[in-house]
Amino acid sequence: MTEGNVFATSQRSHQCGALRAAHAGIAVTLGGWVHRSRNLGGLVFIDLRDRAGLVQVSFNPDWSTARAIADAAAVGVESVVIVQGIVEPRPAEMRNPNLDTGDIEVRATSIRVVGPAMTPAIPVARGKNDQLPAEDLRLRHRYLDLRRPELQANLVLRHRLLQVTRQYLSDLGFLELETPILTKPTPEGARDYLVPSRVHPGEFYALPQSPQIYKQLFMCCGFDRYFQIARCFRDEDLRQDRQPEFTQIDIEASFIGRDDILALSEGMIAAIWREAGHDVSTPFERMSYAEAMERYGCDRPDLRYGLEVHDFTAAFAPLDFGVTASAVAAGGRVRGIRVSGASAWSRKQVDELEALAKSAGAGGLLRVKKTDGKLEGPVAKFLTPDAEAALALDDGDLALLVAAPDRISNPALDRIRQECARRLGIVDEHARRFLWVTDFPMFEQDSATGALSAVHHPFTAANPDDMAAHPDAPEQWRALAYDCVLNGLELGGGSIRTSDPRVQSRMFTLLGIGDVAEQERRFGFLLEGLRAGAPPHGGIAFGFDRISMLLSGGSSLRDVIAFPKTTAARALFENAPSSVPSDDLKELHLRSTVEGA
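Sequence positions are assigned chain by chain, starting from 1 and proceeding in written order. This being a predicted model, a pLDDT of at least 70 is required before a residue's local features are given, and a value of 80 or more before pairs of side-chain atoms are given or counted; all residues contribute to the totals for chains, interfaces and linings. As a rule here, side-chain values cover all heavy atoms of the structure and leave hydrogens and water aside.

Novice: An account of the pattern of salt bridges is requested, with residue identities and associated values reported.
Specialist: Any carboxyl oxygen of Asp or Glu within 4 Å of a side-chain nitrogen of Lys or Arg constitutes a salt bridge here. The final tally for this structure, using the stated rule, is 45 salt bridges. The partner of Arg160 in a salt bridge is Glu275, and the shortest N-O contact between them spans 2.9 Å. With Arg160 in helix α4 (residues 149-171) and Glu275 in helix α6 (residues 258-275), this pair connects stretches of sequence that are 115 residues apart. Close ionic contact of Asp466 with Arg478 constitutes a salt bridge, the shortest N to O distance being 2.8 Å. A residue pair is termed long-range when its members are at least 10 positions apart, and Asp466 in helix α13 (residues 464-469) and Arg478 in the loop between α13 and β20 (481-486) qualify at 12 residues. Partly exposed describes any residue whose relative accessible area lies between the buried limit of under 20% and the exposed limit of over 50%, with all areas from a 1.4 Å probe on protein chains only and scaled to the type maximum. Judged by its relative accessible area of 34%, Arg478 falls in the partly exposed class. Helix and strand labels come from DSSP, where a helix needs a run of H or I of at least four residues and a strand needs a run of E of at least two; each type is numbered from the N terminus.

Novice: Quick one: what's the story with helix α14 (residues 501-510), residue by residue and with numbers?
Specialist: Every buried residue belonging to α14 is among Pro501, Gln504, Met507 and Phe508, and all of these are buried. The arc that holds the buried residues of α14, viewed along the axis, is 110°, so those residues lie on one side. Any two residues whose heavy atoms approach within 4.5 Å are treated as being in contact. Contacts made by the buried residues of α14 are with β18 (443-445), α13 and α15 (516-531). The backbone nitrogen of Arg502 lies 2.8 Å from a side-chain oxygen of the residue at the head of α14, namely Asp500. In the stretch just after α14, Gly512 is the one whose phi turns positive, near 90°. Directions drawn from the helix axis to the C-beta atoms are what define this arc. Counting of polar contacts relies on pairs of N or O atoms within 3.5 Å, with two restrictions inside protein: one atom must be capable of donating a hydrogen and the other of accepting it, and residues adjacent in sequence are counted only when both atoms are side-chain atoms.

Novice: Could you give an account of the sheet that holds strand β22 (residues 537-543), with specific residues and numbers?
Specialist: The strand order across the open sheet built from eight strands is β6-β9-β10-β22-β21-β20-β17-β11, with neighbouring strands paired in mixed fashion. Since the sheet does not close on itself, it has two edges, and those belong to β6 (175-176) and β11 (285-288), each with one partner. By definition, two strands form a pair when at least two bridges between them are found by DSSP. Alignment of strand β21 (residues 489-496) against β22, held across five bridges, turns out to be antiparallel. When the bridges of β22 are listed, Ile496 appears paired with Gly538. Helix α5 (residues 212-221) contacts β9 (225-233), β10 (245-254) and β22 of the sheet and is inclined by roughly 25° relative to β10. Contacting β11 and β17 (434-438), helix α7 (residues 289-296) crosses the sheet at an angle of about 85° to β11. Angles here are taken between N-to-C directions and fall from 0 to 180 degrees, while the axes themselves are lines fitted to C-alpha atoms, restricted in helices to the stretch in contact.

Novice: Explain a nonpolar patch on the surface to me, and be specific about the residues and the numbers.
Specialist: There is a patch of nonpolar side chains on the surface, built from Met118, Tyr143, Phe563 and Phe573 and spanning about 420 Å² of accessible area. Met118 gets classed as exposed once you look at its relative accessible area, which sits at 68%. Each patch is assembled from residues with relative accessible area greater than 30% and no salt bridge, linking like charges that lie within 9 Å and nonpolar side chains (Val, Leu, Ile, Met, Phe, Trp, Tyr) that lie within 5 Å. Accessible areas in this description were obtained via Shrake-Rupley with a 1.4 Å probe; residue shielding takes into account the shown protein chains only.

Novice: Explain the sheet that holds strand β3 (residues 53-59) residue by residue, including any values.
Specialist: If you trace the five strands once around the closed barrel, you get β1-β2-β3-β5-β4, paired in mixed fashion. When strand polarity is set aside, the average angle formed by the axes of neighbouring strands in this sheet is 55°. By the bridge criterion, 10 bridges tie strand β4 (residues 80-89) to strand β5 (residues 104-115) in an arrangement that is antiparallel. Counted as the bridge partner of Glu88 is Glu105 from β5.

Novice: Requested: an account of the pairing of β10, with residues and values cited.
Specialist: Counting buried positions along β10 gives nine out of 10 residues, so the element sits mostly inside the fold. As paired strands, β10 and β22 are joined by seven bridges and run antiparallel to one another. When the sheet's bridge partners are listed, Glu252 is paired in β22 with Gly539.

Structure below.
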């Protein structure tokens, strides 16, 4: 190994893309892939590529043997070669400012093909205006797609972000501890991937949706600061840009409160963003769940623009207008947003917004606009002076309203707000508005049955003040939970945990797991750990794939995962999932019910 060059081996001296003018005059041995080649009739040029970049290699009778020139002329693109030569400055007129190695070239004395390649199924080298092949085709030939400099840069950045995360948490005394991959099925909001046991017929492991229970058990064991770059698995219904397996930064700590976790998380986020070349101001803004839903109709609001939701119920309740009157009588509200300068939008454009609202569950969209001092729209003639004053429209403004219960109006107004901001071009793409959303509801209540379900997960602690004030009304409890949001995207979330086994048992009962034997069957290993003496503890988990995507500038999680699944949860390169021979199933004590399987 050459001193100071960690990439030097017995088969290469330098990386192709690492050569610079300072290397002029030295002999080098390079290994890489043939990116492009040009045969100019006795003169051959090869752009040789490795993960550090490209360098031009020239073959010329003045310094190359006839055999070397012939071999260089014959080598196919994407073949792997080892080249020996001398680094020389390019003539001034031949320098390439678009390449980091553009001031030099390697004048080759020999070339040896060590990995001949067949014609690639998809191109790696692209011209400035060339379109990428279809994504499914690129995923099918991922070994070629991953040779693209853009994807290699993404994975290199991902590596760097991982190392910064590890160093930051290690410096704060956190221990990187591993939790099982084959574990017990537990409910955490999605279906488990099940793994049959060969040696225990009829019994199954589950792949972890998160390390939640194990990291709480670490706290019971006395490992007071834990983290893990955890692989997680969720068998969710197909959704755009979700992966069935993903990576999260998983954190848990003892003798800690909410503010402690938020502060250490902000420091970690700042360190990660700094590694990618961005400064982040701390502390982050904070907002309660109730405020976020009231002002934005969403628990992960994008704060880069206004268009806040307002409540016009008091002004609209007295109106003799059937839509609003019936909605208010049924316990709903009239809420909406004012959009400056949107009164000129066409009927078609506003109808498109109404279609968005309906797709989110609303029955329709009320519109009022002000043009030349006059209010217009189906509801305009019913407005009283008080209602006009409440709308507070200026000339050119458009009010978009939904009359419905909050559970219907919130998602509809959230969709409308986002689309209006996009149309108006008021989203600052360079802004970074981090936000903590806190004080989530502890439970969701089924409107028909009254049954409770956990908003986060069953191990989240309820606010003790709420439990004391409303001991028999758990639907009014707030959770000691918090989410980190950036520009309308959830980066991560966590909570203070329930550390008292009696309280945890009560939480299970409230969630419909009231039978003690059933609690022990499903969660006995957690309850046993809590009974052994558990410190107050809490934690958080961040979606590392999403963070990597944002910082790389990628448009999809698949841009930052080496071998991702499609939106149909298929791995096209390795062709998974696939059928299994019946003899293999029999050994696992399984039988397929799918015809032909």
